[in-house]
Amino acid sequence: MSDRGRRIADNLAGVQARIAEAALRSGRDADAVRLVAVTKYADIAHTQALVAAGCRDLGESRPQQMWKKAAALAHTPVRWHLIGHLQRNKVTRTAPLLAMLHSLDSLRLAAAVDAAAAELRRSIPVLIEINISGDAAKHGFSEEDVEAALMKLAAFRHLEIRGLMTMAALEGGRTRARGDFQRLRSLRDRLRLNCPENVTLDDLSMGMSSDFEEAVEEGATIVRVGSALFSGLE
Ligand SMILES: *Cc1c(COP(=O)(O)O)cnc(C)c1O
């Protein structure tokens, strides 16, 4: 194995161990939390090294990057997660690749993804993105709007609504992040009380390199970690 491959494998093992410890602290099994490795900073070689080290769930924030990497890694068992904004004119090309869309952020996008999924005769697992910090630069439904939106989203027959996704506020560090994660979980618990039958809200996608342990302690079932996997590489 190359130095680069060894370094990435070590980083991966370290992140997985920290996830497992945080899961245990919150009274859950390590395998209750799935790591999505965010490859947006990584070239093809680094991404391949990550797959060789055993990573199966990869995340990209830009559709074009996902298309490119999915083509380069077509012979591997990678499950692709789109975690950034999806423009409607890129839905047709993206839909066949998606194991999960984390960034469902509008009803118009939902309609486009539903239509593409119908065309492919499949259903697509999605998470509803919530702008929990209220940051004007972020996409996602507000806490106030999501309940009404959920009723409309549930009507799309080719979307499997699995849960919620968020990013913590940029400012405020881990303490603020923990508060944001607690709010996402409470929101999920509230939505569940009055949830359409075909909607499951089991997944909470939250936590990145700087705050994934807090996220796991607060109930994340999916963490999206990028830079921590690639530290120490040129
Ligand atoms: C980039 C990104 C991540 C990963 O960020 P790191 O800090 O590098 O771990 C997670 N989620 C989203 C939505 C991102 O855009």
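Preceding this paragraph is the structure being described.
About the cut-offs
Residues numbered from 1 in each chain as written. Predicted model: local features only at pLDDT ≥ 70, side-chain atom pairs only at ≥ 80, totals over all residues. Heavy atoms only, no water. Helix = DSSP H or I, 4+ residues; strand = E, 2+ residues; numbered from the N terminus. Rg over C-alpha atoms; globule rule 2.2 N^0.38 Å. Buried < 20%, exposed > 50% of the residue type's maximum accessible area, 1.4 Å probe, protein only. Contact = heavy atoms within 4.5 Å. Areas by Shrake-Rupley, 256 points an atom, 1.4 Å probe, with all protein chains shown as cover. Near = heavy atom within 4 Å. Polar contact = N/O pair within 3.5 Å; in protein donor to acceptor, adjacent residues only side chain to side chain. Nonpolar A, V, L, I, M, F, W, Y, C, P; charged D, E, K, R; others polar. Pairing = 2+ DSSP bridges. Right-handed = clockwise from strand over helix to strand, strands pointing away. Core = buried A, V, L, I, M, F, W, Y, C linked by side-chain atoms within 4.5 Å. Salt bridge = Lys/Arg side-chain N within 4 Å of Asp/Glu carboxyl O.

Caption draft 1: Up close: the overall build of the protein chain. The helix and strand tally for the protein chain stands at 8 helices and 8 strands. On C-alpha atoms alone, the protein chain measures out to a radius of gyration of 17 Å, which is about the 17 Å that the 2.2 N^0.38 rule sets for 234 residues. Referenced to the eigenvectors of the C-alpha coordinate spread, the extents of the protein chain come out at roughly 50 × 40 × 30 Å. Across the 234 residues that make up the protein chain, the buried fraction comes to 50%. Across the protein chain, every contact between residues at least 6 apart in sequence was considered, and the portion connecting residues at least 24 apart equals 62%. Accessible surface for the protein chain amounts to roughly 11,000 Å². Of this, 48% is attributable to carbon and sulfur atoms.

Caption draft 2: Layout of the site of the ligand. Near the ligand you find Val38, Lys40, Tyr41, Ile83, Met165, Met167, Met208, Ser209, Arg224, Val225, Gly226 and Ser227, and these make up its full shell. For the ligand, an oxygen atom lies 2.5 Å from a polar atom in the side chain of serine 209. Within the backbone of glycine 226, a nitrogen or oxygen atom sits 2.8 Å from an oxygen atom of the ligand. Protein coverage of the free-state accessible area of the ligand, which is 390 Å², stands at 91%. For the shell around the ligand, a count of residues per class yields 7 nonpolar, 3 polar and 2 charged.

Caption draft 3: Fine view of the pairing of strand β6 (residues 159–165). Of all 7 residues that make up β6, 5 are buried, and the element is covered over most of its length. Two strands pair when backbone bridges link them, and strand β5 (residues 124–129) and β6 are joined in this way by 6 bridges, in the parallel orientation. When the bridges of β6 are listed, isoleucine 128 appears paired with leucine 164. Crossover connection from β5 via helix α6 (residues 146–153) to parallel β6: handedness right-handed. Strand direction decides the pairing type here: β6 and strand β7 (residues 203–205), joined by 3 bridges, are parallel. Of the residues in β7, the one forming a bridge with leucine 164 is leucine 204. As for the winding sense of the linkage, the β-α-β connection from β6 through helix α7 (residues 173–192) to β7 is right-handed.

Caption draft 4: Broad picture of the nonpolar core. Core analysis: the biggest nonpolar cluster contains 66 residues, and Leu58, Ile128, Ile130 and Val223 have the highest contact counts within it. In terms of residue count, helix α1 (residues 3–25) provides more of this core than any other element does, 6 residues in total. Discounting chain neighbours no more than four positions away, the residues touching isoleucine 128 are Leu104, Phe141, Val146, Leu150, Leu153, Ile161, Gly163, Leu164 and Met165. Among the nonpolar cores identified, the runner-up in size contains 5 residues, and Val36, Met100, Leu127 and Ile222 belong to it.

Caption draft 5: Molecular detail of the pattern of salt bridges. Applying the stated criterion to the full structure yields 18 salt bridges. Aspartate 3 serves as the salt-bridge partner of arginine 6, at 3.4 Å between the closest nitrogen and oxygen. Taken together, the positions of arginine 6 and aspartate 3, both in helix α1 and 3 residues apart, correspond to about one turn of that helix. Given a relative accessible area of 64%, aspartate 3 falls into the exposed group. Between glutamate 60 and lysine 69 there is a salt bridge whose closest N-O contact spans 2.8 Å. The pair glutamate 60 / lysine 69 is uniform in exposure class, with both members buried. Salt bridges sharing partners connect three or more residues here, namely Glu143, Arg176, Asp180, Arg183 and Arg190.

Caption draft 6: Local environment of the pairing of strand β2 (residues 57–60). By the alternation rule, side chains of β2 split into Asp57 and Gly59 and Leu58 and Glu60, which are all buried. Here 2 bridges tie strand β1 (residues 34–38) to β2, and the two strands are oriented parallel to one another. Pairing of valine 38 across the sheet is with glycine 59, part of β2. The β-α-β motif built from β1, the intervening helix α2 (residues 44–52) and the parallel element β2 has right-handed crossover chirality. Bridge analysis of β2 against strand β3 (residues 79–82) gives 4 bridges, and the strand direction is parallel. Bridging from a neighbouring strand, leucine 58 pairs with tryptophan 80 of β3.

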